[in-house]
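Here is what each chain is made of, one letter per residue.
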Amino acid sequence: MIATLHASLIDRLRRAQHLAVFTGAGMSAESGIPTFRDRLTGLWAHTDPVEVATPQAFRRDPQRVWDWHVHLASAVAAAQPNAGHRALAALAGKLPRLSVVTQNIDSLHQAAGSRDVIELHGNLFRLKPFIDEDAAFEAAEPPVICRVCDGYAAWRDCDPWASREDFARLRLAAGPVPRCPCCGARLRPDVVWFNEMLDPQVLDAAMSAVDACDAMLCIGSSLEVEPAASLPWRALRRGAAVIEVNPQPTALTPHVTALPGTAAQVLPQLLATVWN
Ligand code: APR
């Protein structure tokens, strides 16, 4: 399949000064982490995201949302980077710049050794305060910003003895939903839930990487969730060479060079054929 790559495309890839690699849940499938939309095995095949992955769900039942993320984290924490993650980390050493723009929240790119990683949808193992916009905007006086968690302080007076180190020691683990040790704001995983906006600075960094790349690998995404899904199209419109790695076709497939296979199979072959 790699042998079908046109010589001109191989040449473009070899001359690339900046390769962007856009990844979705399929990138981690061979590490044993369920994707979201694969028909029988996807996470959303058995759980309604509205119940466990929205701010409304957390406001309604924070413990249930917390417990679901703890369950997901137990599967993710046991996972190891696969041959695809490792191939991308090795490739970064062969190019002037390789930016990974991932929708994944599992830290596997970093665990494989990738350094330039932009996490569009956050990271499951980082915590942040739950900002209850409704409550904050109902507050008469402007909300108190906590000096430890940077959230809207749930309590009016923060604990003067609490520190950022206390906050940094808190983990996504089984048990009651933790609170900021200083202001009492409930904590949540630092991931982008449905009905939430992406961090604008993260999205800007991703768009800058896409706008600067000569070529893009689009790996393991159904391209169904915006604004992430627009990034490969953005690269294509700019004239970058785009290669898609996915065992299933997507809306992008007819417009790019498609390598119909899995990340752990195709990426090591691509590295060996094009860059070795
Ligand atoms: N290698 C490459 N691709 C694979 C593999 C594999 N081993 N296994 C499955 N795939 C492909 C599937 O064919 C599918 O196109 O990975 C894609 C997974 O699609 P989704 O489950 O929709 O995951 P993703 O595109 O990352 O979802 C985007 O949706 O639920 C939200 O925030 C969540 O980041 C996620 C976003």
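Please refer to the structure placed before this passage.
Another point: unusual backbone geometry. The linkage connecting Glu226 with the following residue, Pro227, adopts the cis geometry, with an omega of 0°. Residue position: Pro227 is located in the loop between strand S6 (215–219) and helix H12 (230–237). Phi at Ser107 takes a positive value of approximately 65°, unusual for a residue other than glycine. Assignment of secondary structure puts Ser107 in the loop between strand S2 (97–102) and helix H8 (108–112). Classification of Ser107 by relative accessible area gives partly exposed; the value is 21%. Unusually for a residue other than glycine, Leu223 sits at a positive phi of about 55°. Its location among the elements puts Leu223 in the loop between S6 and H12.

Tallying each qualifying case throughout the model produces 11 salt bridges. Linking Arg15 and Asp11 is a salt bridge whose minimum nitrogen-to-oxygen distance equals 2.9 Å. With Arg15 and Asp11 both in helix H1 (residues 7–15) and 4 residues apart, this pair spans about one turn of that helix. The shortest N-O distance in the salt bridge between Glu51 and Arg64 comes to 3.1 Å. Placement of Glu51 in helix H4 (residues 49–52) and of Arg64 in helix H6 (residues 62–77) is noted, with a sequence separation of 13 residues between them. For Glu51, a relative accessible area of 30% puts it in the partly exposed group.

Conventions used here
- Residues numbered from 1 in each chain as written.
- Predicted model: local features only at pLDDT ≥ 70, side-chain atom pairs only at ≥ 80, totals over all residues.
- Heavy atoms only, no water.
- Helix = DSSP H or I, 4+ residues; strand = E, 2+ residues; numbered from the N terminus.
- Buried < 20%, exposed > 50% of the residue type's maximum accessible area, 1.4 Å probe, protein only.
- Salt bridge = Lys/Arg side-chain N within 4 Å of Asp/Glu carboxyl O.

Fair warning: the whole summary comes from geometry, so function is off the table for now.
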